[in-house]
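# Close look at the chain arrangement
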Amino acid sequence: MWDITKLVFPYAIAYTIPLMITALGGLFSERGGIINIGLEGLMVVGFFASAVTITSLQIFLPDLSVWIGLLAGMIAGMLFSVLHAFASINLNANQVISGTAINMIAAAITVYLARTLTGSGNITIQSGLPRFDIPLLSKIPFLGPLLFSNTYASTWLVLGILFLSWFALYKTSFGLRLRACGEHPYAAASAGINVYRMRYIAVMISGAFAGLGGAVILVTYSGEFNGSVAGLGFLALAALIFGQWKPFGVLGATFFFGSAVTIANISQVIPELGVIPPLLLKIFPYVITLVALIVFSKSSQAPKAEGEVFDLGRN
Amino acid sequence: MKKELNEVTKSLIATFLGLLAGALLMLSIGSNPIEGFTYLLKGGTMSIERIGNTLSTATTLILTGLSVAFAFRTGLFNIGVSGQMLIGGLCATIVGLTLDFPRPILLFIMLIVAIIGGAIWGIIPGLLKAKFNVHEVVATIMMNWIALWVVYYTVQAFLIDVQETQSADLPAVAQLKVPWITELFQGSSLNLGLVVALLAVIFIKIILDKTTLGFELKAVGFNRDAALCNGIKVSRNIILSMMIAGGLAGLAGLTFYTGFAENMQIGILPAQGFDGIAVALLGISTPYGVLIAAIFFGILHTGKGFMSAMTDIPPQIANTIIAIIIYFTATSLLIQRLWVKILRKKKSKKNAKGGVD
Amino acid sequence: MKDNFVVEMLNIRKEFPGVVANDNITIQLKQGEILALLGENGAGKSTLMSILFGLFHLDQGIIKVKGKEVKITDPNIANKLGIGMVHQHFQLVHNFTVTENIILGIEGSIVLKIKDASKIIKDLSLKYGLDINPNDKIEDISVGMQQRVEILKMLYRDADVLIFDEPTAVLTPQEIHELMKIMKNLTSEGKSIVLITHKLREIKEVADRCTVIRRGKVIGTVDVKDTSEAKMAEMMVGRVVTFKVDKQDAKPGKVILKIDKLSALNNQKTLGLKEFSLEVRAGEIVGLAGVDGNGQTELVEALTGLRKIESGKIFINGKNLTKSSIRERNETGIAHIPEDRHKHGLVLEFSLGDNMILKEYYHPPYSKYGFLQFDQIKKHADDVISQFDVRSGRGNASKAATLSGGNQQKAIVGREISSNPDLLIAVQPTRGLDVGAIEYIHKRLIEQRDSGKAVLLISLELDEILDLSDKIAVINHGELIDLVNANETNENEVGLMMAGIKRGEGQ
Amino acid sequence: NGGETTEDPTATPTPEPTVEFGDNTDFKVGMVTDAGTIDDKSFNQGTWEGILLAADDFGLDTKYLKPDGTTQAEYLTEIGNLFDAGYKFIVTPGFKFETTIFEAQTKYPDAKFILLDGYPHVGDWAPVVAENTVSIFFAEQEAGFYAGLATALQLEDGEVGFIGGMEIPAVQKFNWGFQQGIAYANDTYGTTIVMNADNFIYEGSFSNVAGGQQLAAGMFDKGVDAIFCAAGGVGVGAINEAKTRAEGGEDVWIVGVDVDQYADGIYDGTNSIILTSAMKGIDQAAYDMILAETYGTFPGGEMLTYDSSNNGVGIPSENPNLSDDVVTKVLKAFDEVVAGTIIVASEQGSLIK
Ligand SMILES: Nc1ncnc2c1ncn2[C@@H]1O[C@H](COP(=O)(O)OP(=O)(O)OP(=O)(O)O)[C@@H](O)[C@H]1O
Ligand SMILES: Nc1ncnc2c1ncn2[C@@H]1O[C@H](COP(=O)(O)OP(=O)(O)OP(=O)(O)O)[C@@H](O)[C@H]1O
Ligand SMILES: [Mg+2]
Ligand SMILES: [Mg+2]
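Anyway, here's the lowdown on the structure attached to this text. (Residues numbered from 1 in each chain as written. Chains lettered and ligands numbered in written order. Predicted model: local features only at pLDDT ≥ 70, side-chain atom pairs only at ≥ 80, totals over all residues. Heavy atoms only, no water.)

Take the packing of aromatic side chains next. Per the counting criterion, the structure on display carries 47 aromatic pairs over all chains. Aromatic pair Tyr-15 of chain A and Tyr-221 of chain A: ring centres 5.5 Å apart, planes at 25°, arrangement stacked. With Tyr-15 of chain A in helix α1 (residues 2-31) and Tyr-221 of chain A in helix α9 (residues 195-222), the pair connects residues that are 206 residues apart, well separated along the chain. When the ring of Tyr-286 of chain A is compared with that of Trp-145 of chain B, the centres are 5.8 Å apart and the planes differ by 15°; the resulting orientation is stacked. One end of the pair, Tyr-286 of chain A, is in helix α13 (residues 278-297); the other, Trp-145 of chain B, is in helix α6 (residues 136-159), on a second chain. The pair formed by Tyr-286 of chain A and Trp-145 of chain B is uniform in burial state, with each residue classed as buried. Within the aromatic cluster, the residues linked to one another by ring pairs are Phe-162, Phe-174, Phe-178, Phe-200, Tyr-202 and Phe-228 of chain D. For the cation-ring pair, Lys-28 of chain D lies above Tyr-87 of chain D, with the distance from its terminal atom to the ring centre recorded as 4.9 Å. (Phe/Tyr/Trp six-rings, centres within 6.5 Å; stacked < 30°, edge-to-face > 60°. Helix = DSSP H or I, 4+ residues; strand = E, 2+ residues; numbered from the N terminus. Buried < 20%, exposed > 50% of the residue type's maximum accessible area, 1.4 Å probe, protein only. Lys NZ or Arg CZ within 6 Å of the ring centre and 35° of its normal.)

For the rest of this paragraph, the subject is the sheet that holds strand β12 (residues 313-314) of chain D. Residue and element names in this part refer to chain D. Pairing is mixed in the open sheet, where six strands are placed in the order β7-β6-β8-β9-β10-β12. The open sheet has two edge strands with one neighbour each: β7 (192-202) and β12. Sheet topology note: the strand β10 (residues 274-280)/β12 ladder contains two bridges and is antiparallel. Pairing of Lys-280 across the sheet is with Val-313, part of β12. (Pairing = 2+ DSSP bridges.)

Attention shifts here to the interface of chain B and chain D. The partner chain D presents 26 residues to the 30 residues of chain B that form the contact. Of the roughly 2,100 Å² buried at the junction of chain B and chain D (both faces included), carbon and sulfur atoms supply 53%. At the junction of chain B and chain D, the tally comes to four salt bridges. Two residues, Arg-50 of chain B and Asp-84 of chain D, come together in a salt bridge whose shortest N-O distance is 2.7 Å. Along the contact surface separating chain B from chain D lie 10 residue pairs in polar contact (both at pLDDT 80 or more). Residue assignment for the side of chain B that touches chain D shows that the elements contributing at least two residues are α3 (48-73), α11 (234-260) and α13 (287-310) of chain B. The element contributing the most residues to the side of chain B that touches chain D is α13 of chain B, with eight residues. Here the residues of the side of chain B that touches chain D are counted per class, giving 10 nonpolar, 12 polar and eight charged. (Contact = heavy atoms within 4.5 Å. Buried area = accessible area lost by both parts, 1.4 Å probe. Salt bridge = Lys/Arg side-chain N within 4 Å of Asp/Glu carboxyl O. Polar contact = N/O pair within 3.5 Å; in protein donor to acceptor, adjacent residues only side chain to side chain. Nonpolar A, V, L, I, M, F, W, Y, C, P; charged D, E, K, R; others polar.)

Here we take up a positive patch on the surface. On the surface, Arg-337, Lys-341, Arg-344, Lys-345 and Lys-347 of chain B cluster together into a positively charged patch. When you line up the elements, Arg-344 of chain B lands in helix α15 (residues 332-352). (Patch = residues over 30% accessible without salt bridge, like charges linked within 9 Å, V, L, I, M, F, W, Y side chains within 5 Å. Areas by Shrake-Rupley, 256 points an atom, 1.4 Å probe, with all protein chains shown as cover. Lys, Arg positive; Asp, Glu negative; His and termini not counted. Charge placed at Lys NZ, Arg CZ, Asp CG, Glu CD.)

If you want it as structure tokens, here you go:
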């Protein structure tokens, strides 16, 4: 059992991280009152942008290019998310539909561009982030091999962002205002907060984080842009609800998904897991999500004004 | 002059804007839009066979579009069409591969089980929504993945003949393809599915506009609280709506896997399921609108290959156009506002001339 | 000019799609005074004040603060100019603490300093005699307390011009009295106040001057001490108004509704309705008086079947409906005029015709074999429309959303009455309506009574209860405080009961 | 099972045509891809490269179309599109085209079809190769054999694994051949390579990149030194994992498939984690057929097999990661296979999976 855990854990984490940062992005958007079904698409955009950046830079600056790529992914996701912000904040669009449109546009346009760039639609980078053991920590019995071995720098970056997000959300005036916009935008407005601006910021953060998520996929386990993030964006959405719109809830939920999917993938090379029917392993994460959603449905912490149009009747 | 643009006009404008964006993209890679669109259109219509293919592509889209639209009318967003398609197709394929009846009976049974399969896959999120208020978007997405793997392993376990990537081919009697149609349309993939789809359109049209069921469903869709307060069973209607939507998706699966294709494809969620959302939105969630939108998309999908064969424009342009159209339908308020501005200008001119209104 | 005005709004105009909410309105607020704004629902008071507070942008007009012309484009500017507002519908975040709500928007530092803020708030609330715990969550405190939070919000932003939009609608007479004291304190501390209210008595009690608005226009500004209530009412409505509804005495018949020890949970999952018992007889109107949020909603929902019943029984004509579905209850003869017409009364996207059969679409003559019978539906709609003179653009075909609030309400009343029920439950039937509509609907309710129906009237407007009811039941914290004959009690007594003080117990 | 052989002996060559062809723009070559893209590190890529090679040499007009899905209807649509656009010489890689080409070859009599990895049939597996069609098979097991042999000889001791995509004939044959190659090395050259059944698996798709990465990681962690990947996108993940480890100084290898994947394995600008690749001359086959067409010797109606005897399979001519000694030993085995003294089985028999 220990061997399996030790085997699966690091890769589970690697798989979890993009999911986590994306769900965290969704958290900001929804805490600000905007549902963002477009996370999937925003991930793809970041995925694409980082691939293009890295391939074009890798020759000149082999190491730096990866980090520039991550940044590019973030920025691209952020810019793209403005489409969603504009639709749902200024134009009172149905946020679910707008998000769906974002997904479709992202999927279509990135492949379209990739194909005109590479002729095929795939973009392969020469090398991504290296993995390393944290010098001393990885020697800690038990925890060492699980948490501090075989880690990517991106993992620690994202975990850092997670803690910062928690602090920003609950300990700063920004967080207070953001949450107010998600719970009762009119109250926020009468307290002199520019709800429109706050919501723009919220959505753009979600875009940046989702973009980063896509980029992390590229520089960690995939190494090639192939036009799809295989539904991770939607999983992130589920994880967000599963994690009850709380940063550490998201941490737990996404890690659960990460492990479940990793186990399902890796089971074939682990005799002990080989005995479980693969079908069960494959559908496990999704079934559990449904169950979790039922369990939490009673005590939902969803932001009150989530998905509702905010309109002061100005103009 | 009307102040409110009606939905149809909005859809048309959105479509126009989508095509415009497509043209710009073509220009951006140094291709000639006029040429591009000409070939796109030709590719979908220039021969009987191509018209046939356009229609057979539309067939599945009509049904997936109906599925999404129907759920919409009850205020539900069914992203689970792909999964429901898979299950419907699977059920039909199992019957087609195992049972041995005279063709009409066999096809009828396949039709029924397809509906049932899809309906079951729709009921589950419906129940979760009605009883536990689980957001149907997330639920249906989960159901999609579950369906993907269920089909994958069921087919591999029971329906594989030699190839690992799809089920065994259905016998001719268990396919919706009929010789005279195939002949008539010069060997296109058009099949009985279109009839099914058209009947479904009429059926749904009647349900929504003429029956008490439709009245209930729409009431729930527009204002859940009011419906409840006036004695309408909201949960029941939500479940019912998802069930019917699922059934329609199941039919889409039938037409796709036993009509368009001749076997069960595994390992992928059928894209038609997601295109259904676009079809429904562009068709403003009305049966006839869906019909027209589906045919329009049918042309795009059938024509894009020919276009990219004749020019350097990648076929992905089609999906890009569709996606952008949806964005503009979602943001129709923008169009509305522009329209109002235009009116204001006109008005102020008139008033300036001393006219009143 | 010698008068030193702190705020002047000159020739203000504000249009909304369809309505001119403010039409060339001018008001002037003196330093240290309480200026009342009087006007019917929809007259434009809230809009005017929202403009002053920077929530709405004015289309035309000038605003001067302390003589200087200013552009108030958002609440921040209003705050900086020392203008604060207590909104008609409280603007508080339910799951934030008092402190968080108050500092929201002016936290003063990137990293929150909750402790310091709480201290300041504590002191303020002591200074003005509004004792409140800064660390309570809004969802856990009473409406009266929430209003004090709103006041503290202004004081914390040290506003010296305070706007109150219908502050008393949700308070008991006693709480109202408290509030009036607080206002006096505030003015004596040099603050200036604009008070929006429908209630002339309150104006008489505290206001120095009163500006009357009708349909978005200023009718005039008067000194309160030398103007009678009747005069102000006349200015407000544009004609002499009869305060009393004329009606014969009731001739109560057999018991129609019997509520027996009914208990139900509220949304916080605690008992919102406790062993509540009440009888309503044929031919009488029983009015349920109580401060908002004391179990009225729970009672109505339990009666109509919208809310699960914990214990107790409900009978209509002796038939036990405790476990029945909403529809069964309708069919047994309960009709319900819901509190929120937009949320519960109508399907706004449906035609008026469709809305008229919302309860009956499924049975003949409106439906045959599951198919709708459109001619019958139109006929029925037209009947209701003519009987209850529901005014609309395209008759039964016009979308419900396009009707004015008053006509929407008439349509609902029409639908419910035309279903010829034994019991009519009317919740806030005249809310947000102008006097014309109010009089009309009151007449109809009396008619129901006189035609031998049982009517249960739930309203927050004490006047409405006193005017219409034959018996008055008072509810407080989900319990029946007392049931009294309308002609044997008075506002004061009922007010005390609303505060939970039983008859005889007292002072 | 040696069908007709072409006259070209060298592995992945560019034959010098005896006559210089001008621009035959009237000769348009089209391709319809299977599920993968034309850079899928697999047969789509191989086919396309062959076509491009020919295009350079003979100045042809080329075009590929990627169907929306993998149904016969979608394949036929794209073939129709190519045909109507004047591309009447159409190459289709993958057995999934079998029934499609059966339809197409009669539907478009004046088009020519190259079907790689399969033969046309109506669904009953009875070959019907029309005069305008050539069907080409490859002896993947032999390619796998050489790769296995090379791997064993280079590593000498240690453990190897295999990751396949879906369990389709071509992939299986690669796998079985690879195992035979390892075994042969262990017997004849005394290498001590371990093959653990747990490490010979089919991921079940050609697309799950994350899965590929995690499976490879799992195997490497369990002490596997080299993994033979015949899995398209899944292989991409595996290669990526190996690169990451190599950068970290680990000594791990991937054995490529179909085409020479050396370049895909380069992680630091110079070194690659691709030990060698089990190549099948898809590109060459495509090239040869186009060449034959230009010569007017299109072998219509035939079923060809590309194997060692006609240099249709093998390992790359350049193998920076193999010692010369290893290469010579492999070439020796190559001759013996051609001579028939070594027989590489194309059935599972007693082999793993
Ligand atoms: N945000 C808005 N958008 C459109 N119309 C509005 C809006 N707010 C108010 N109105 C309209 O403007 C008019 C004035 O509304 P307002 O709220 O100022 O009336 P009021 O005097 O406050 O009424 P009440 O006594 O009920 O508070 C009404 O006819 C109302 O329908
Ligand atoms: N956004 C809006 N659009 C149209 N009418 C509105 C809007 N907001 C308010 N109204 C209408 O304006 C009138 C006054 O608005 P207000 O916000 O003061 O509510 P109200 O009617 O006063 O509610 P209450 O009965 O609680 O006082 C009401 O009839 C209300 O329905
Ligand atoms: Mg009011
Ligand atoms: Mg108001």
